[in-house]
Amino acid sequence: MRKLLFTLLLGSAIMSNAQELPKNYASLLKEVEPQLISWRRHFHEFPELSNREVNTGKFIAEFLKTLPNVEVRYPVAKTGVVAVLKGGKPGSVVALRADIDALPVYERVNIPFASKVTTDFNGQKVSVMHACGHDSHTAMLMATAKVLSALQKEVPGTVVFLFQPAEEGAPGNEEGGAPLMIKEGALDNPKVDAVFGIHISAQTPVGTIKYKSGSFMASSDWFTIRVNGKGSHGSMPWGGVDPIAASAQIIEGLQHIVSRQSDLTKAPVVITVGTINSGVRSNIIPEYAEMSGTIRTLDSKMQEEVHERIKHTAETIAESTGAKAIVNIETKTLVTYNDPALVKKTIPSLIKAAGDENVSESTWTTGAEDFSFYAAKAPSFFFNVGALPKGTDPKNSAPHHTPDFYLDESGFIVGVKAFTQIVFDYNKTK
Ligand code: NI
């Protein structure tokens with residue numbers, strides 16, 4: 001018995017030794033951290049909107065071209081960069097992804113590198129801010145590329161670095177984001193075996209990693225419903241068909257899909273009507289009303305069901321009032337699905353990167369990610385790295401996409417460690 005235990009212990013010691021990173025790894029990390037922070041500050045100060053990341057893309061590509069053993073493809077998906085590092089040891093192809101775009105948000109944080117950038121967005125003058133932390137994603141992946149390039153001889157397999165534009169959605173009818181990266185061959189040549197991605201989190205304590213196996217982030221669909229009625233004098237509604245009254249019933253009906261028809265024990269569903277427009281004057285019944293909204297689900301079958309129900313509910317309620325509803329649903333992202341086997345296999349790497357006590361499971365989120373498109377193509381794992389300053393209550397931290405959004409930079413190196421560790425462990429723990 002004791003002998004068996006000893007053999008087991010020895011076995012696991014050998015295994016973990018086999019996964020140790022090269023000796024100079026620690027010094028490489030130390031060296032890259034100040035650079036990582038200065039890159040992030042640069043991107044933060046000069047943010048660019050989706051599909052307009054011209055200088056950001058150029059900056060990344062030029063840096064990657066200086067790294068030994070790294071082959072750079074640029075531009076990909078308009079302003080993106082794909083870089084390939086062939087390791088000195090045999091193994092699979094692992095892709096690491098960072099998104100590079102910023103948002104039309106006015107920055108209110110008092111930091112020396114705060115953004116003062118303004119630009120044109122849909123014909124409107126807007127301020128631009130890295131209000132979702134994609135600046136940190138970009139910097140973390142550049143730092144990972146630098147470390148892995150220096151360790152090339154020891155690196156098992158091939159690493160593909162995906163610097164992806166337009167995660168927040170391309171403007172107008174433009175193509176962009178993960179679907180365009182995939183269309184332009186980012187996961188082929190070499191064919192990628194697994195994809196990993198990090199999202200920094202302003203609500204997760206600095207130094208920690210949170211993950212969820214299976215469905216993690218929601219699918220996001222945008223819908224519009226146009227309700228065609230018949231105009232009338234406001235004093236004589238019976239002379240027309242009131243599209244506003246019909247719309248009110250439809251909005252009620254949509255919430256009943258969530259509260260009465262969806263199996264919420266399986267997964268959450270959210271339907272939000274975000275705009276409603278109709279009419280010009282208080283005593284005129286208008287001819288039509290238009291609303292738009294978003295749908296979030298965490299199960300692709302439920303997503304399909306909800307689409308059907310929204311169509312059915314809007315059309316039949318409108319019909320019962322004498323109006324006609326035209327429903328249009330557009331899928332923006334899929335459910336971000338973390339491959340359970342890959343998650344299980346990767347947890348030890350995350351623990352090595354952040355420490356046993358700093359890696360924990362999270363719940364799903366109704367936020368959405370276009371990383372989901374990679375996850376639909378290859379086994380993938382998307383997880384959160386914390387950047388909430390120590391001692392801060394997450395409730396008091398500004399949400400992503402808001403003017404006071406703030407990240408503690410000391411958390412970024414954990415992302416670099418996680419990515420690097422994953423590359424070294426992926427082939428060995430198979
Ligand atoms: Ni984001």
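Because the structure is a prediction, the values reported are computed rather than measured.

### Observations concerning the layout of surface pockets
Empty space within the second largest pocket amounts to approximately 160 Å³. When grouped by side-chain class, the residues that make up the lining of the second largest pocket number 6 nonpolar, 3 polar and 3 charged.

### Notes on helix 7 (residues 300-321)
The end-to-end C-alpha separation of helix 7 is 32 Å, in line with the 32 Å expected for 22 residues at 1.5 Å each. All of the buried residues along helix 7 are M302, Q303, V306, H307, I310, T313, A314, I317 and A318. End-on view of helix 7: buried residues confined to an arc of 150°, all on one side of the axis. In this structure, helix 7 carries K301, E304, E308, H312, E319 and S320 as exposed residues pointing more than 90 degrees from its buried face. Residues of helix 7 that are buried sit in contact with strand 9 (214-228), helix 6 (243-261), strand 11 (269-278), strand 13 (288-297) and strand 14 (324-333). Measuring from the backbone nitrogen of K301 back to the side-chain oxygen at the start of helix 7 gives 2.9 Å, which picks out D299 as the cap. Of the residues flanking the end of helix 7, it is G322, one or two places downstream, whose phi is positive at about 95°.

### Some thoughts on the coordination of the nickel ion
Every protein donor of the nickel ion is accounted for by C132 (SG), H134 (NE2) and H199 (NE2), and the metal-donor separations fall at 2.2 to 2.4 Å. Each donor residue of the nickel ion lies on the same chain, and together they follow the pattern C-x1-H-x64-H. Of this pair, C132 sits in the loop between strand 5 (124-127) and helix 4 (134-150) while H199 is found in strand 7 (residues 194-205), placing the two residues 67 residues apart along the sequence. Like H199, C132 is buried.

### Quick word on the nonpolar core
L64, L96, F161, F163, F196, I209 and F383 are the most contacted members of the largest nonpolar core, which totals 72 residues. Top contributing element to this core by residue count: helix 10 (residues 412-426), with 10 residues. Each residue touching L96, except ones within four places of it in the same chain, is listed here: L141, T144, V159, V160, F161, L162, F196, F419 and V423. Counting 26 residues, the second largest nonpolar core, distinct from the first, contains V227, I295, I317 and I329.

### Re the environment of S215
Structurally, S215 is set in strand 9. Residues contacting S215, with those up to four places away along its chain left out, are L298, V335, T336, Y337 and W364.

### Side note on the sheet that holds strand 16 (residues 359-361)
Read from one edge of the open sheet, 8 strands run 1-2-6-3-7-18-8-16, paired in mixed fashion. In this open sheet, the two strands that pair with only one neighbour each are strand 1 (70-76) and strand 16. Here the average twist between neighbouring strands, direction ignored, is 25°. Where strand 8 (residues 209-211) and strand 18 (residues 380-388) come together, 2 bridges link them in antiparallel fashion. Among the inter-strand pairings, I209 is bridged to a residue of strand 18, identified as V385.

### Quick notes on the domain arrangement of the chain
The domain boundaries assigned to the chain delineate domain 1 (13-217 + 334-429) and domain 2 (230-322). Taking only C-alpha atoms, the centre of domain 1 and the centre of domain 2 are 38 Å apart. Each partner contributes to the interface: domain 1 provides 9 residues, whereas domain 2 provides 9 residues. Buried surface at the junction of domain 1 and domain 2, both sides included, amounts to about 630 Å², of which 70% is carbon and sulfur. Between domain 1 and domain 2 we count 2 residue pairs in polar contact (both at pLDDT 80 or more) in total. Secondary-structure elements contributing two or more residues to the side of domain 1 that touches domain 2 are strand 9 and strand 17 (365-368).

Definitions and cut-offs
- Sequence order as written defines the numbering, with residues in each chain counted from 1.
- Side-chain atom pairs in this predicted model are given and counted only at pLDDT of 80 or more, local residue features only at pLDDT of at least 70, and totals for whole chains, interfaces and linings cover all residues.
- Hydrogens are left out, water is left out, and the side-chain values use all remaining heavy atoms of the structure.
- Think of a 1 Å grid over just the protein atoms. A cavity is a set of points where a 1.4 Å probe fits yet cannot get out, a pocket is an open set with protein on both sides within 12 Å along at least five of seven lines, and lining residues have an atom within 4 Å of a point.
- Grid points are joined across faces, edges and corners, and a volume is the space filled by probe spheres set on the points.
- When residue character is reported, Ala, Val, Leu, Ile, Met, Phe, Trp, Tyr, Cys and Pro are called nonpolar, Asp, Glu, Lys and Arg charged, and the others, Gly included, polar.
- In this text, helices come from DSSP runs of H or I with a minimum length of four residues, and strands from runs of E with a minimum of two, each type numbered from the N-terminal end.
- Helices are assigned an expected span. That span is 1.5 Å times one less than the residue count.
- Residue burial is assigned from relative accessible area. The probe radius is 1.4 Å, only protein chains are included, and a residue is buried under 20% of its type maximum, exposed over 50%, and partly exposed in between.
- The directions considered for the arc are those from the helix axis to the C-beta atoms.
- Between two residues, a contact is recorded if the distance between any of their heavy atoms is within 4.5 Å.
- N or O atoms within 3.5 Å of each other form a polar contact, as long as, within protein, one can give a hydrogen and the other can take it, and as long as residues adjacent in sequence are counted only when both atoms are side-chain atoms.
- Here a donor is an N, O or S atom found within 2.8 Å of the metal, or within 3.2 Å if the metal is Na, K or Ca; sites may look incomplete because water is not among the atoms.
- Only buried Ala, Val, Leu, Ile, Met, Phe, Trp, Tyr and Cys residues count toward a nonpolar core, and they belong to the same one when joined by side-chain atoms within 4.5 Å.
- By the convention used here, strands pair only if DSSP detects at least 2 bridges between them.
- As a rule, the C-alpha atoms of each element are fitted with a line to give its axis, helices using only the stretch in contact, and angles between N-to-C directions run from 0 to 180 degrees.
- Residue ranges assigned to each domain were obtained from an automatic or database domain assignment.
- By buried area we mean how much accessible surface two parts lose on assembly, using a 1.4 Å probe and totalling the loss over both.

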